[in-house]
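# Summary of structural features
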Amino acid sequence: MQKIILTGDRPTGRLHVGHYVGSLRRRVELQNHGDYDKIFIMIADAQALTDNFDNPEKVRQNILEVALDYLAVGLNPDISTIFIQSQIPELTELTFYYMNLVTVARLQRNPTVKSEIQLRNFEASIPVGFLCYPISQAADITAFKATTVPVGDDQLPMIEQTREIVRKFNAIYKETLVEPEALLPDNEACMRLPGTDGMAKMSKSLDNCIYLADDPKVINQKILSMYTDPLHIRVEDPGHIDGNPVFTYLEAFCKAEHFERYLPEYMNLDELKAHYQRGGLGDVKIKKFLNNILQEELEPIRLRRKEYEKDISAVYDILKAGSERAREIAAQTLSEVKNAMRINYFDDKELLYNQISNYSIK
Ligand code: TRP
């Protein structure tokens, strides 16, 4: 069986370092290792509209931002097919047929949907489109027969729901769809990178993100003003690691070579942590270390983005070509799905002959 990746992001803003360690960095590694037969990266505009239907302009503008961020981190459109969800009408058609296989109660139990409903104050009246987005996500994944979906752990309920739909479809109709597996980041810090203010998640509305496209000065400012340990007032005071986002970022980003380069008096992160906990290590020193690391990691991304920004129409060409390629694959799967469901009336000679003979007997 082919090894196929599909994953994507909602275009509601520029991508930040949380997206980077949570999924983007992994995608590029997988792409460059060459273990996968096909890679599809989707800009999920239709899904973004399920909770931004009153602001399509926001979604429209951010498609380019996300595409630039993808190219900037090193997704290579010659290897990975980058496409726009709404341009593949087959996905909507698949969604409609999968809707029969899912109950409203099951959707309402989906933990991600549940927390998003609360977050958006949808409790009183949930838009149907929003409630159904896990079904549409199952269509995204199955249309490409994806075996592997690299995502953060907030997306696990979506993959589980997709697997249920696949099993149900294959059992009721005919073995057609492929059950995907989630691929999670390998460390806890990458799974849920907190905001610079120490809040659980980076979010644009909280203004606590470091964006991939931020200027070096902005990155430096954001790091120097990061929340740390409020009990660590004087340098000599013992500091706390838990809930201290500077250390979480270090866990997500730093490698042994960074110590050699920027902080040779320590061997590794454990030593740095131990010193902080003992007392005698100031916040500014660890923030400067983090800044050096992030500047090093983000510089090539920012420079690559600048190159692509010089030719925006080429970026749209990449998206258009990718969407055309993706559409062919999705159309093939849709045709298999319709065959399995026996709603292929005009391609089915047997149906016609049978109906003719039914009528000729009378
Ligand atoms: N739900 C994902 C997010 O919020 C975006 C997405 C849509 C997705 N369809 C997908 C991710 C299919 C993986 C696979 O970021």
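Okay, so let's go over this structure. Because the structure is a prediction, the values reported are computed rather than measured.

### Quick word on the overall build of the protein
Across its full length, the protein holds 17 helices and five strands. In terms of overall dimensions, the protein has C-alpha extents of about 100 × 45 × 40 Å along its principal axes. Within the protein, the fraction of its 362 residues that count as buried is 51%. Sequence-distant contacts, at least 24 apart, represent 75% of the contacts inside the protein between residues at least 6 apart. When the accessible area of the protein is evaluated, it comes to approximately 18,200 Å², of which 52% is carbon and sulfur surface. Taken together, the 43 basic and 53 acidic charged side chains of the protein have centroids lying 3 Å from each other.

### What to know about the side chain of Thr7
Examined against the element boundaries, Thr7 turns out to sit in strand β1 (residues 4-9). With residues up to four places along the chain from it excluded, the contact list for Thr7 reads Arg27, Phe40, Ile41, Met42, Val149, Pro150 and Val151.

### Details of the packing of helix α3 (residues 56-73) against helix α15 (residues 283-309)
Two numbers describe how α3 lies on α15: the axes approach to 8 Å, and their chain directions differ by 125°. Relative to α15, the element α3 lies oblique. The handedness of the crossing between α3 and α15 comes out as right-handed. Contacts between α3 and α15 pair Glu65, Leu68, Asp69, Leu71, Ala72 and Val73 from the former with Ile301, Arg304, Arg305, Tyr308 and Glu309 from the latter. Looking at the contact of α3 with α15, its residues break down into six nonpolar, no polar and five charged.

### What to know about the site of the ligand
In the neighbourhood of the ligand, 13 residues make up the surrounding shell, with Met42, Gln47, Gln137, Asp140 and Gln155 lying closest. The side chain of Asp140 places a nitrogen or oxygen atom 2.8 Å from a nitrogen atom of the ligand. Burial of the ligand by the protein amounts to 90% of the accessible area it has alone, namely 370 Å². Listing elements by their share of the shell around the ligand, those giving two or more residues are β1 and α8 (133-143). Residues that form the shell around the ligand fall into these classes: six nonpolar, five polar and two charged.

Basis of the calculations
Residues numbered from 1 in each chain as written. Predicted model: local features only at pLDDT ≥ 70, side-chain atom pairs only at ≥ 80, totals over all residues. Heavy atoms only, no water. Helix = DSSP H or I, 4+ residues; strand = E, 2+ residues; numbered from the N terminus. Buried < 20%, exposed > 50% of the residue type's maximum accessible area, 1.4 Å probe, protein only. Contact = heavy atoms within 4.5 Å. Areas by Shrake-Rupley, 256 points an atom, 1.4 Å probe, with all protein chains shown as cover. Lys, Arg positive; Asp, Glu negative; His and termini not counted. Charge placed at Lys NZ, Arg CZ, Asp CG, Glu CD. Axes fitted to C-alpha atoms, helices over the stretch in contact; angles between N-to-C directions. Parallel < 35°, antiparallel > 145°, perpendicular 65-115°, else oblique. Left-handed = near helix turned anticlockwise from the far one by under 90°. Nonpolar A, V, L, I, M, F, W, Y, C, P; charged D, E, K, R; others polar. Near = heavy atom within 4 Å. Polar contact = N/O pair within 3.5 Å; in protein donor to acceptor, adjacent residues only side chain to side chain.

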